[in-house]
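Each chain is listed here by its residues.
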Amino acid sequence: MATAADVCSLENYLALPDHTMDERIAAARKELGRECVILGHHYQRDEVIRFADFRGDSYKLAQQAAEARSRYILFCGVHFMAESADILSRPGQITILPDLNAGCSMADMAEITQVEDCWEQLVRAGLTTDEGQGMTPITYMNSAAAIKAFCGERGGVVCTSSNAPAAFRWALGKNEKILFLPDQHLGRNTAYAMGIPLHDMAVWDPFMIGGGVTPDRLRAAQVILWKGHCSVHQRFLPEHVDHVRASYPGIRVIVHPECRWEVCQKADGIGSTEGLLEIIRSAPSGSMFAVGTEIHLVNRMGKEFAREDKKVITLDDSGCLCTTMFRISPQHLCWALENLVEGNVVNRIQVKDDVKQWARVALDRMLEIRQ
Ligand code: 13P
Ligand code: SF4
């Protein structure tokens, strides 16, 4: 029997093997009952996602967080997702991220001071006013709360990979130009699919003077893309598509829109994590898919859809792992839950009120725009 002191210390959990966690997690979960909801992103490991009350892509999980009535929202995902859950939650609700080191390298590619600096230069170039008359800022969900607030305050919005086209349409209804943060690939893929040619897009590099873009190019661009990317999805290359098609005639290639434009152009389908699942779910048995997204989801789909006689493999054999999603271990989950049973809140994610206010505006707009 664990003592209260044992329960508080994460080190005591990290030394234990995965399989010893299952019964303890289930018991703590049962004891907390309706006090706690566990949200799990599709990239979580099997040993963790099996305990999620709801699993989904970023959009679906944000909806669940906004609708949750439980006292605790335990988020098995990464930091920006838990921050968004906290922003969307009701007063008195508490959001927990089992490992605070579960960040997102793409979200880290845009810092609020860099974004403010970029905007100031766009204002000086006469492309927008400080309030956003002239250009609508859109930030991908994969960004810090302060950047969401920045967009909210300037008439902008948050989007996820499942509603990016709707967010672009909404933004273009307000202004002719868009600043898209921080994933250049999602921004480029979305704009191109809407008929905006590549030469009407410019890439803003926050580490270069003037974003590394000439004033003329900046003025001509309809969409300015922040120079950020996902290091997991950027590893998929057009050669992988060619190789898998040659190896498995008839296979369908489906990819996440964080993949490079060249990869998306060669693919048969593009979707958020939930969207990719849906494409496979609705395919007839006997179908084959090569999927360009994180390896835990691909492997899980491989196992689950084998029962329906559908083959699901990764687009790249070297397997693309999101190391930060992987940080949420059964040990961290057990530690967070058993502490709640003891009345201790560990790893609370709490966005400051002044940031929360405008970030909520941008997230509410996203939920209103839907998909
Ligand atoms: P989804 O919203 O498609 O789940 O994507 C989140 C993410 O981080 C993909 O890398
Ligand atoms: Fe971030 Fe990429 Fe991991 Fe998604 S897969 S959480 S974008 S690092």
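Only a predicted model underlies this, so the values are computations on that prediction, with no experimental measurement involved. Every chain's residues receive numbers from 1 upward, in the order its sequence appears when written. Whichever chain is written first is A, and whichever ligand is written first is 1; the rest continue in order. The predicted nature of this model means local features are confined to residues of pLDDT at least 70 and side-chain atom pairs, given and counted, to a pLDDT of 80 or more, with totals for whole chains, interfaces and linings taken over all residues. Excluded from the side-chain calculations are hydrogens and water; all other atoms, namely the structure's heavy atoms, are used.

Colleague: I'd like a description of the nonpolar core, backed by residues and values.
Modeller: The tendency in soluble globular proteins is for nonpolar side chains to be buried as a group. In terms of nonpolar packing, the biggest core is built from 108 residues, with Leu74, Phe180, Val291, Leu315, Leu333, Leu337 and Met366 touching the most fellow members. Buried Ala, Val, Leu, Ile, Met, Phe, Trp, Tyr and Cys residues that are joined via side-chain atoms within 4.5 Å together make up what is termed a nonpolar core. Whether a residue is buried, partly exposed or exposed follows from its accessible area with a 1.4 Å probe, protein chains only, as a fraction of its type maximum: under 20%, in between, or over 50%, in that order. Counting residues in hydrophobic clusters, the runner-up holds 19 residues, among them Val115, Cys151, Ile224 and Trp226.

Colleague: A description of the sheet that holds strand S14 (residues 348-349) should follow, citing residues and the corresponding values.
Modeller: A strand pair is defined by DSSP finding two or more bridges across the two strands. Runs of E in the DSSP output that reach at least two residues are strands. Runs of H or I that reach at least four are helices, and both are numbered from the N terminus. Taken in spatial order, the five strands make up an open sheet running S2-S1-S3-S4-S14, and their pairing is mixed. Each edge of the open sheet carries a strand with a single partner, namely strand S2 (54-56) and S14. Examined bridge by bridge, strand S1 (residues 36-41) and strand S3 (residues 72-76) share five bridges and lie parallel to one another. If you follow isoleucine 38 over to S3, its bridge partner there is leucine 74. A contact between two residues is defined here by any heavy atoms of the two lying within 4.5 Å. Simply put, an axis is a line fit to the C-alpha atoms, just over the touching stretch for a helix, and the angle between two N-to-C directions goes from 0 to 180 degrees. Strands S1, S2 and S3 of the sheet are contacted by helix H5 (residues 58-67), whose axis makes an angle of about 145° with S2.

Colleague: Can you lay out the pairing of strand S12 (residues 288-292) for me, pointing to particular residues and giving the numbers?
Modeller: For S12, the tally of buried residues reaches four of five residues, placing the bulk of the element in the interior. In this structure, strand S10 (residues 252-255) lies alongside S12, joined through four bridges in parallel fashion. Note that in S12 the partner of arginine 252 across the bridge is phenylalanine 289. Here S12 pairs with strand S13 (residues 311-314) via four bridges, running parallel. Within S13, the position partnered with methionine 288 by the bridge is lysine 311. Think of it like this: strands point away, you trace from the first strand over the helix to the second, and a clockwise trace means the crossover is right-handed. Running through helix H15 (residues 295-306), the crossover from S12 to the neighbouring parallel element S13 is right-handed.

Colleague: So what's going on with the site of ligand 2? Which residues, and what values?
Modeller: The immediate surroundings of ligand 2 are formed by Tyr43, Cys104, Ser105, Met106, Asn142, Cys230, Val232, His233, Glu258 and Cys322. Only Asp, Glu, Lys and Arg are considered charged, only Ala, Val, Leu, Ile, Met, Phe, Trp, Tyr, Cys and Pro nonpolar, and every remaining residue, Gly among them, polar. Split into classes, the residues belonging to the shell around ligand 2 amount to six nonpolar, three polar and one charged. Here a residue is near a molecule or strand as soon as one of its heavy atoms is found within 4 Å of it.

Colleague: How would you summarise the sheet that holds S13 if you had to cite specific residues and measurements?
Modeller: Reading across from one edge, S11-S10-S12-S13 is the order of the four strands in this open sheet, with parallel pairing throughout. With partners counted over all chains shown, the strands left at the sheet margins are strand S11 (269-270) and S13, one partner each. Packing against the sheet, helix H14 (residues 273-281) makes contact with S10, S11, S12 and S13, and its axis sits at approximately 160° to S10. Contacts from H15 reach S12 and S13 within the one sheet, and its direction differs from that of S13 by about 160°.

Colleague: Could you give me a rundown of the packing of helix H6 (residues 79-88) against helix H17 (residues 353-369), with the residues and numbers involved?
Modeller: One way to put it is that H6 packs onto H17 with a least axis distance of 9 Å and a crossing angle of 95°. Here H6 lies roughly perpendicular to H17, going by the angle between them. Taken together, the residues of H17 that come into contact with H6 (itself represented by Ser84, Asp86, Ile87 and Leu88) are Lys356, Ala359, Arg360, Leu363, Asp364 and Leu367. Looking at the contact of H6 with H17 residue by residue, the classes come out as five nonpolar, one polar and four charged. Every angle not falling under 35 degrees, over 145, or within 65 to 115 is termed oblique; those three ranges are roughly parallel, roughly antiparallel and roughly perpendicular.

Honestly, that's just the spatial picture; any functional story needs more than this.
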